[in-house]
Amino acid sequence: MRLSCDVEMLSRGLASYGMRAKTKPIRSSISIGRRPGASSSKEGLIFLLVCTAKDRNGTKFKLKGNVEQIFGKFVQNGKATIRLKEPAKDICISKADPLQLKNILSVIKLGHLDRNCDLEKIHLTTLNPAKTSQVERLPTKMVVHSRKDYPVTTNFPKTLESLQIMHCKLKKVDSRILELRNLKCLDLSNNNLAKLPDSVGRLNQLAELKLANNQLDRIPLGLLNSSLKHSLQALDLSGNQFKMLPSQLTEFANLVHLKVNDNQLLCLPWNMGQLTRLKFFLAGNNKLQFLPYSFTRLALEEVDMFGNGFQGSGMFPSTQDEGYFPSFVEIAARAVKKYRLMYTERDLPQILIQYLGLAKWCLCGKPCFQPYAQHCSQFSLHRVAHTVAGLDSAGSTTAPVQGFLCSKDCWQRLQSNPNAVWKCSRR
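Residues numbered from 1 in each chain as written. Predicted model: local features only at pLDDT ≥ 70, side-chain atom pairs only at ≥ 80, totals over all residues. Heavy atoms only, no water.

> Whenever I open this one, helix 2 (residues 98-113) confuses me. Can you help?
Two residues of an α-helix separated by three or four positions point the same way, owing to the 3.6 residues in each turn. Between its terminal C-alpha atoms helix 2 stretches 23 Å, which fits the 22 Å expected from 16 residues at 1.5 Å a residue. All buried positions along helix 2 are accounted for by Leu101, Ile104, Leu105, Val107, Ile108, Leu110 and Gly111. Its side-chain oxygen placed 3.2 Å from the backbone nitrogen of leucine 99, aspartate 97 serves as the N-cap of helix 2. Just downstream of helix 2 lies aspartate 114, where phi reads positive at about 55°. (Helix = DSSP H or I, 4+ residues; strand = E, 2+ residues; numbered from the N terminus. Expected span 1.5 Å × (residues − 1). Buried < 20%, exposed > 50% of the residue type's maximum accessible area, 1.4 Å probe, protein only. Polar contact = N/O pair within 3.5 Å; in protein donor to acceptor, adjacent residues only side chain to side chain.)

Have a look at this one:
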């Protein structure tokens, strides 16, 4: 039974003198087996063998009655600590396969308790030195820039944290990539991707997702409702065919970099102001005519929206009758947005999902789908960003901001003082 992982040896004897050895985790191979030369399984004692690249023969540690404690709270993350009595050392394990780590800890407990009846059911061989492949550090970064370098007959290393695949004419995401649980950066730019699978959301450690220069026009709901809402910090969708961004994208609370330039965007999500950690926003060369009012709540470092068709300003009252009462669909949709109810493509028909994607937010903070009135005024981008690229060849940095009003009261309130920034906290 053998486990490849990172191991750090800590001596508790030094700690008693207020000292700590300068050590760091190194790639190792941990195995459990019987004493070499034992004639039968009942004669041999169970040992723990830790091998490294510098010492492939390894260091043996007796297990019978020699384990003081096992710290296994983070086994699911591939981490654990084995505290030995003699010598007084802590074996700190990290970057291990969770299932293999769980199994080897179970055998260590049996060896400590000397449960021979249970150990006989497990196939334990004599301990042997580790092979070079078992103690060498596995790659964490991989770059593929041509089809001839793409791994077809071999798998991607499971230890990958950064993967870049460009100019390979990929039409779909390789399912093997979706099994790389340690992946933090995925770059699939400059391919022919037309669709993303929902299962991309299973990469729960992903912090950077780059999909520039493909043929994408939508983001699947499975990805939008996944744990990426909490982990993703950078998203590059530039050079695709997006006409609108889903409103769920504004729930990615840790998003810092967002690139959507060179698409066909007609508008931005009306609740874009929820991206409170967004610092870099690039949306040049689209078809934007207005910015949503919530955009004024952002605090950016850099913004670039050159090459859009921004229009003028003014007050645009609705043609609705003052006695208008919203439909049941309108009422239900407002409730979904107000209480942030989760939904997937299995829960609702596509037409209702598209309807929910058109949600607008009144200046008072309430959602609306058929606003009473619209308001548009000029806004200087220097008020929300330190660095602002010119919107046109003349270097203008003022863009029209469009807001929606849910009722006559909100409209009258804005008319009485158009320059006031009045809003309620969203409930």
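> Whenever I open this one, the packing of aromatic side chains confuses me. Can you help?
Here the distance between the centres and the angle between the planes together describe a pair of aromatic rings. This structure, assessed with the given rule, holds four aromatic pairs. Ring geometry for tyrosine 355 versus phenylalanine 369: centroids 4.9 Å apart, planes at 10°, classification stacked. Here phenylalanine 369 lies in the loop between strand 19 (367-368) and strand 20 (373-380) and tyrosine 355 lies in helix 8 (residues 350-356), a separation of 14 residues in the sequence. Judged by its relative accessible area of 23%, tyrosine 355 falls in the partly exposed class. (Phe/Tyr/Trp six-rings, centres within 6.5 Å; stacked < 30°, edge-to-face > 60°.)

> Whenever I open this one, the sheet that holds strand 12 (residues 234-236) confuses me. Can you help?
Where strands meet in a sheet, backbone hydrogen bonds hold them as pairs that are either parallel or antiparallel. An order of 8-9-10-11-12-13-14-16-21 is seen for the nine strands of this open sheet, with the pairing classed as parallel. Across the chains shown, the open sheet's two edge strands, defined by having one partner strand only, are strand 8 (141-144) and strand 21 (385-388). Neighbour-to-neighbour, the strand axes of this sheet turn through a mean angle of 5°, independent of strand direction. Examined bridge by bridge, strand 13 (residues 257-259) and strand 14 (residues 280-282) share three bridges and lie parallel to one another. What sits directly across from histidine 257, in strand 14, is phenylalanine 280. (Pairing = 2+ DSSP bridges. Axes fitted to C-alpha atoms, helices over the stretch in contact; angles between N-to-C directions.)

> Help me understand the pattern of salt bridges, please; the structure alone is not making it clear to me.
Oppositely charged side chains may form a pair once their charged atoms are brought near each other. Scanning the model with the defined rule gives 10 salt bridges in all. Measuring nitrogen to oxygen at the nearest pair gives 3.0 Å for the salt bridge that ties arginine 83 to aspartate 90. A relative accessible area of 22% places arginine 83 in the partly exposed class. Put simply, lysine 210 and glutamate 208 hold a salt bridge, and the shortest N to O gap is 3.8 Å. (Salt bridge = Lys/Arg side-chain N within 4 Å of Asp/Glu carboxyl O.)

> Even after reading the chapter, I still don't get empty space enclosed by the protein, so can you show me in this structure?
A water-sized probe, rolled over the atoms, reveals where empty space remains. With the rule as written, the count across this model stands at four cavities of 30 Å³ or more. Within this model, the largest cavity holds a volume of roughly 80 Å³. Lining the largest cavity are 13 residues; nearest its centre among them are Trp270, Tyr293, Ser294, Trp361 and Cys362. Among the elements that take part in the lining of the largest cavity, strand 22 (residues 398-405) stands out by supplying three residues, more than any other. Here the residues of the lining of the largest cavity are counted per class, giving seven nonpolar, four polar and two charged. Looking at the second largest cavity, its volume works out to about 50 Å³. What lines the second largest cavity is simply Leu196, Leu209, Leu211, Ile219, Leu223, Leu224, Leu235, Leu237, Leu249 and Phe252. The residue makeup of the lining of the second largest cavity, split by class, is 10 nonpolar, no polar and no charged. (1 Å grid on protein atoms, 1.4 Å probe; cavity = no way out; pocket = protein on both sides within 12 Å on 5 of 7 lines; lining within 4 Å. Points joined across faces, edges and corners; volume = space filled by probe spheres on them. Nonpolar A, V, L, I, M, F, W, Y, C, P; charged D, E, K, R; others polar.)

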